[in-house]
Amino acid sequence: MTAPVLSVQGVSKTYTQRAGLFGRASRTYALRDVSFDLRAGEILGLVGESGSGKTTVGRIAMRLVEPSEGEIHLAGQDVTALSGAALRPMRRRIQLIFQDPSASLNPRQTIRQILRTPLRLRGITDDAEIVRMLAIIGMGAEALDRTPAMFSGGQRQRLSIARALLMNPDIIVADEAVSALDVCVQAQVVNLLLDLRDQFGLSILFIGHDLGVVGLISDRVGVMFRGSLVEIAPSRELFERPRHPYTARLLAAAPRQGGKLTPHAEVDAGRLFPTSTEGCAFAALCSHAITECRTTRPVMRETAPDHWTACRRADLDLRPTHC
Amino acid sequence: MTLLSVRDLGVDFGGPLIVDGVSFSMKKGEIVALVGESGSGKSVASLALMGLLGRGNITGSAMLRLNDGRETDLVRIGPRERRGVLGRHVSMIFQDPLSSLDPIQTIGAQMREVLSLHCGLRGGKAQARAIELLHEVGIVDPQACLKLIPQRLSGGMRQRVLIAMAIAGEPELLLADEPTTALDVTVQAQVLRLLLSLRARSGMGMIFITHNLAVASSIADRVIVLYAGQVVEDAPADAFFAAPAMPYSKALLGAAPGIDSVFGARRLPTLRGQVPAPGERGVGCRFAPRCDAMRPTPCQTQMPDLLTIADGENEVHAVRCGRWEELAR
Amino acid sequence: MKSAEIILSIWAHLRSLRPRGRVAAYYIVFVVIACVAGPWVLPYGHAHIDLHHRFLSPISAGHPLGTDEIGRDLLTRVLMGGRVSLLVGLASTILSTVIGTTLGLVAGYNSGAARFLITTIIDATLCFPVVFLMLTLAAVLSPGVGTIIGIVTLVSWMEAARVVQAQTRVIRKMDYVTAVVAMGATDRYVLMREVLPNVAPAVIVSATLTIARAILLESYVSYLGYGVQPPDASWGNLLNNAQEYLESDPWLAIIPGVAIALTVTMFNLLGESLQDAIDPSIQAKGRRS
Amino acid sequence: MAEGMLAFAARRAGVNALLLLLVSLTGFMLLHATPGGPLAQFSLSPGMTSERLNQIAHSMGLDQPLWLQYVKWLGGLLKGDWGHSYRDHAPVLSIIISHLGATVELGLASLVISFLGGLAMGLIGALRAGEAIDALCSLVGVILLSLPTFWLGLVFIYFLSVRTGWFPAGGLMSPGHASATDRLRHLALPAMTLGLVSIPVWGAYIRSFAGDTLNQDHIRTARALGVPGWRIVLRRVLPAALLPLIPIAGVYLPTLLSGALVTETVFTWPGVGRLFLDSLQYRDYPVALGVLMFSAVLVLMCSLAAELLHHAADPRLRT
């Protein structure tokens, strides 16, 4: 197997938070000991619910947020300690696509100015590449003199992708890049990303919360829960044979077309569970948890070929039962 | 028995119609999913029914049959009468449960307000009923919850509180505008189940507005698809998900990857173009410019009617497509 | 941006203003022209003393606004005073906007010591009641138009600094700025290309409101006798001893006051309308579907 | 919570001490940088010789290095010894306190007028947003905001005192007729002057906060649950609009004092503002400096108090 283009190794991120003006400062983990590789030409999906830390992973991989612990390797080079001028040339290798199409383009610039920015930073003065890139994303040169406000959400997302690609990156981090779009537009953008991966050999870290979309686009999928990566596996394998109870629960909860819910109430319904700092983060919610789960953190281990699970009970059969 | 009968509902803000001749009816205790992309007019239509638009011209009628047998037209009633209807006969919950609760009052204060308005309960009785309601919506520690301000609750708990407030007056009809869109998927499933069990217990009808067909499928008895302000398909949920008749419905179903069937395909079927803006609609079928099955006539020349294509026992299936018969073959 | 583009965009903004904003803009242009050109056209110099025609009422022959206690033509005095008042307003606004914008950008973009230092200086300055501070400075420094411009600047720059700092903090967190940072742009590039153009509209609004305030502040100080010194006129010092003649000759107090109030109102209206034109979110609210 | 409050107060006290240090340094340096310095007043006296001046300077410690003078003055401040007036040698602090009552009276009266006016204007504007009455309110607001305080005072004096004789033109009370009504009649014009020009300040905030609240989803939810409009305004809009006003009221004091100085001058109202102006005129620097310091302390104390009050009143800030 070729060397990974991006390697995140044992990354943690802690925040010191003050609860209100009078509160005491406390340390909370946004990320805890997250490790994964992004392989060349692969689309790696990251799913998780709000607050699971998936966005922070993307930002740390891009060095937009400083990790508290751990290392980030870009194409084999440790970039964790780089800063300022040394970091800048590395930045162009990894580019970001955002969730909110209305905030991702500068409202006071024309599309021409926006798309020139990456070229200027690469030292290119010729505009030919811009027109070529517009054609790739399915837009014409007439777009150049308009402002972002004149485009629909889907079109802005395409422009945002074009801007990222003009940096000629190896890696794209797509942070909920299709979540804000209507389903038909979302399908177009998903297809575009797949085409671009084939055409340019890009590696994509695709962060999302819609299991269907993430499962479709990704070669492998990682599942995050409250700051920890709990499972990572090829997407078909993960969806058909989840080995972490949280993954199984996530899959069971996803709504299905043609699948009807039954109206029975759940036991753990409206209660807030504290995140335990010791033990498995999911233990309090897990129906399979044993005493050890609550006291010591589980480590990632390979439970099937290329299938990694951070669960002591990964041997359980958790095949999703449809409800 | 019919609970609500909407006839020719139209809404405009001084320009072209945003909601254009929407008609449907629903039975007592039925859950109807109103499905559409942004710009389809689904939220505007529901706010118009509630009288919450604030501005704009509303035409048509929406007859609601109350439990005591009276009928009231939600479009025509005056503001005073509407206050007597809202919360007691019709309630509504919204997408963002955080901003839907007053940030500077406790849950208890907000619940007591509704209880005193609709049930005449005050003091200890209101408190007891509030606890009961919170319990009913699956909140484990109602006493503690009542003392908190909304920011201290999780998204799912907030939506549960809002549901509790909405059902406090025991309404016949609940409008839910994307109530689970802002929630995580595991919480979404819990809230959907809660709504289903409330329906089973109280026989409350529900209009569930969503853009997500999978969510609609999880909860609805009947699906109504809106496109560019019009109803384009109205079908029992089973029939709809088994065999949608309108090309737009098919496209919508195809474009959303489900979690069971996604692998290997690797490309999603897509629709070209976008929903026409209210001012840019042609005379023919509004979906025609994006439709693969489009024929210049009649699709581009004449607006198709909403045709009833199956009329079984309580099972009406209607579609707005001139070619549905050919396409079904 | 080239200057032609700037002028074009200002013109485009003016045309998109609400009616009251456009009226204000026309009035301001009119007053500026009147104050600059008026004294040349009028027959009397502003220091032309005519003891035979003291305390003439308005609409007197040859003196449309009457004369003052030593027979000077009040219209000429008001126009001359307008020159000084407008000059003080404009000059101190330009200075305080430049100072405030620079400090605001620095404090908004950085998060460490620079921000703490600048916000502390802003807070410390705001501890003084403005007029007290102005009078103290005026008492210390030798009076004159340049001095009063400096004083008004010193008590006015905080407004722009606060607005720019707040805006910068918001904008630097926007996705489009993050995108450019992720491309490896330098801080300077991000500030000049991405942040500044987005802060500019707020700066223009704040500058318009600052002119209004500066004209008022000058009038306070001159009224209290610490500003522009006679025989030079300003709208403030025309009122300086008007209180003495209030009983017999009220127009001496009323007319210069109307000039101040009207002009300041128009600048405030222009600023308010610019704000509406630039930030349409107020009208856009409630139009969600 | 109580412990947290203390920690907060301590943090703020630290920042405030730093601010006061900056303020005192600025004020001290300003007045000592005057041409002629603090001695200016004495040098104007007839028959003053430079010998005598030096003697005075020495007796007042003015021949010492500036930093030493500052340190001594600052030490005195902390001990409550704010120095003595050049004019009548009275202690500065007691002079200020004797003038404080009139200013507080004027300030409170004007605050009541401006707050009630602003509340009415802001609520009308927010509830009738976009309608003609909202436009009218905002126009009136802009005009009031643009009026020079002293000129408004002169207009009031001319029309309500000189022409009609309804109110006295100035002073605290009529000599020999000290009664409550007389006091109120004297207060009316200055309080109205100062109050009117501040109406739009409150009006704009209330209009904006109430407008924001009215646009929030929870108002729509309340309507959807059948809560009557008046109840929504009273229970939801009003508290939400007033809570953020508390900290703003705390930092409003400098503006009020500035307005008071001008108003007191027009109406010969014997408050702190006039005291300051007089002390500048007579180059009575210890008093001028004292007033500056006094107002800074007052400003910081009020803003701290307002912030604590805000945190006690707003449940969002409690944890």
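Here the structure is a predicted model, which means the values were calculated and not measured.

Draft legend 1. Region of the structure containing the interface of chain C and chain A. At the interface, 19 residues of chain C touch 24 residues of chain A. Note on chain C versus chain A: buried area summed over both sides is about 1800 Å², and carbon and sulfur give 60% of it. Summed over the three residues of chain C that lose the most area to chain A, namely D175(C), A182(C) and M183(C), the buried surface amounts to 35% of that side. Where chain C meets chain A, there are 6 residue pairs in polar contact (both at pLDDT 80 or more). Sorting the residues of the side of chain C that touches chain A by element identifies α7 (175–182) and α8 (187–223) of chain C as the ones contributing at least two each. At 7 residues, the largest contribution of residues to the side of chain C that touches chain A is made by α7(C). Taken together, the residues of the side of chain C that touches chain A sort by class into 12 nonpolar, 4 polar and 3 charged.

Draft legend 2. Focus on the interface of chain A and chain B. Opposite the 50 residues of chain A that make contact, chain B presents 50 residues. Where chain A abuts chain B, roughly 4400 Å² becomes buried across the two surfaces, and 57% of that area is made up of carbon and sulfur atoms. Considering only the side of chain A, the residues that lose the most area to chain B are L216(A), Q257(A) and L261(A), jointly responsible for 16% of the buried surface there. For the pair chain A and chain B, the number of links is 2 salt bridges. The closest approach of N and O atoms between D198(A) and R267(B), which form a salt bridge, is 3.1 Å.

Draft legend 3. Structural context of the packing of helix α9 (residues 217–224) of chain D against helix α10 (residues 229–242) of chain D. Residues and elements named next belong to chain D. Where α9 meets α10, the axes come as close as 11 Å, and the angle between the chain directions of the two elements is 155°. Relative to α10, the element α9 lies roughly antiparallel. Judged by the sense of rotation from one axis to the other, the crossing of α9 with α10 is right-handed. In contact with H218, I219, A222 and R223 of α9, α10 contributes I232, R236 and V237.

Draft legend 4. Quick peek at a nonpolar patch on the surface. Where nonpolar side chains cluster on the molecular surface, the patch consists of V32(C), V36(C), W40(C) and V41(C) and spans about 450 Å² of accessible area. Take V41(C): it is sitting in helix α2 (residues 19–41).

Draft legend 5. Inspection of the domain arrangement of chain D at higher detail. By domain assignment, chain D separates into domain 1 (2–79) and domain 2 (99–269). Spacing between the C-alpha centres of domain 1 of chain D and domain 2 of chain D amounts to 36 Å.

Draft legend 6. Inspection of the nonpolar core at higher detail. With 143 residues, the main nonpolar core has L135(C), Y226(C), W235(C), L239(C), L261(D) and F276(D) as its most contacted residues. Ranked by residue count, the leading element in this core is helix α9 (residues 251–278) of chain C, at 13 residues. Looking at this core, you find at least three residues from each of domain 1 (2–79) and domain 2 (99–269) of chain D. Setting aside residues up to four positions removed in sequence, Y226(C) forms contacts with L135(C), A138(C), A139(C), V221(C), L277(D), L280(D) and Q281(D). Core analysis: the next-biggest nonpolar cluster, separate from the first, contains 99 residues, F151(A), V213(A), C280(A) and A33(B) among them.

Draft legend 7. Inspection of empty space enclosed by the protein at higher detail. Residues and elements named next belong to chain B. What the rule picks out here adds up to 7 cavities of 30 Å³ or more. Looking at the largest cavity, its volume works out to about 100 Å³. Forming the walls of the largest cavity are 16 residues, and the residues nearest its centre are C285, C291, C299, C321 and G322. Among the residues forming the lining of the largest cavity, the class breakdown is 12 nonpolar, 2 polar and 2 charged. In this model, the second largest cavity occupies a volume close to 80 Å³.

Parameters at a glance
- Residues numbered from 1 in each chain as written.
- Chains lettered and ligands numbered in written order.
- Predicted model: local features only at pLDDT ≥ 70, side-chain atom pairs only at ≥ 80, totals over all residues.
- Heavy atoms only, no water.
- Contact = heavy atoms within 4.5 Å.
- Buried area = accessible area lost by both parts, 1.4 Å probe.
- Polar contact = N/O pair within 3.5 Å; in protein donor to acceptor, adjacent residues only side chain to side chain.
- Helix = DSSP H or I, 4+ residues; strand = E, 2+ residues; numbered from the N terminus.
- Nonpolar A, V, L, I, M, F, W, Y, C, P; charged D, E, K, R; others polar.
- Salt bridge = Lys/Arg side-chain N within 4 Å of Asp/Glu carboxyl O.
- Axes fitted to C-alpha atoms, helices over the stretch in contact; angles between N-to-C directions.
- Parallel < 35°, antiparallel > 145°, perpendicular 65-115°, else oblique.
- Left-handed = near helix turned anticlockwise from the far one by under 90°.
- Patch = residues over 30% accessible without salt bridge, like charges linked within 9 Å, V, L, I, M, F, W, Y side chains within 5 Å.
- Areas by Shrake-Rupley, 256 points an atom, 1.4 Å probe, with all protein chains shown as cover.
- Domains from an automatic or database assignment.
- Core = buried A, V, L, I, M, F, W, Y, C linked by side-chain atoms within 4.5 Å.
- Buried < 20%, exposed > 50% of the residue type's maximum accessible area, 1.4 Å probe, protein only.
- 1 Å grid on protein atoms, 1.4 Å probe; cavity = no way out; pocket = protein on both sides within 12 Å on 5 of 7 lines; lining within 4 Å.
- Points joined across faces, edges and corners; volume = space filled by probe spheres on them.

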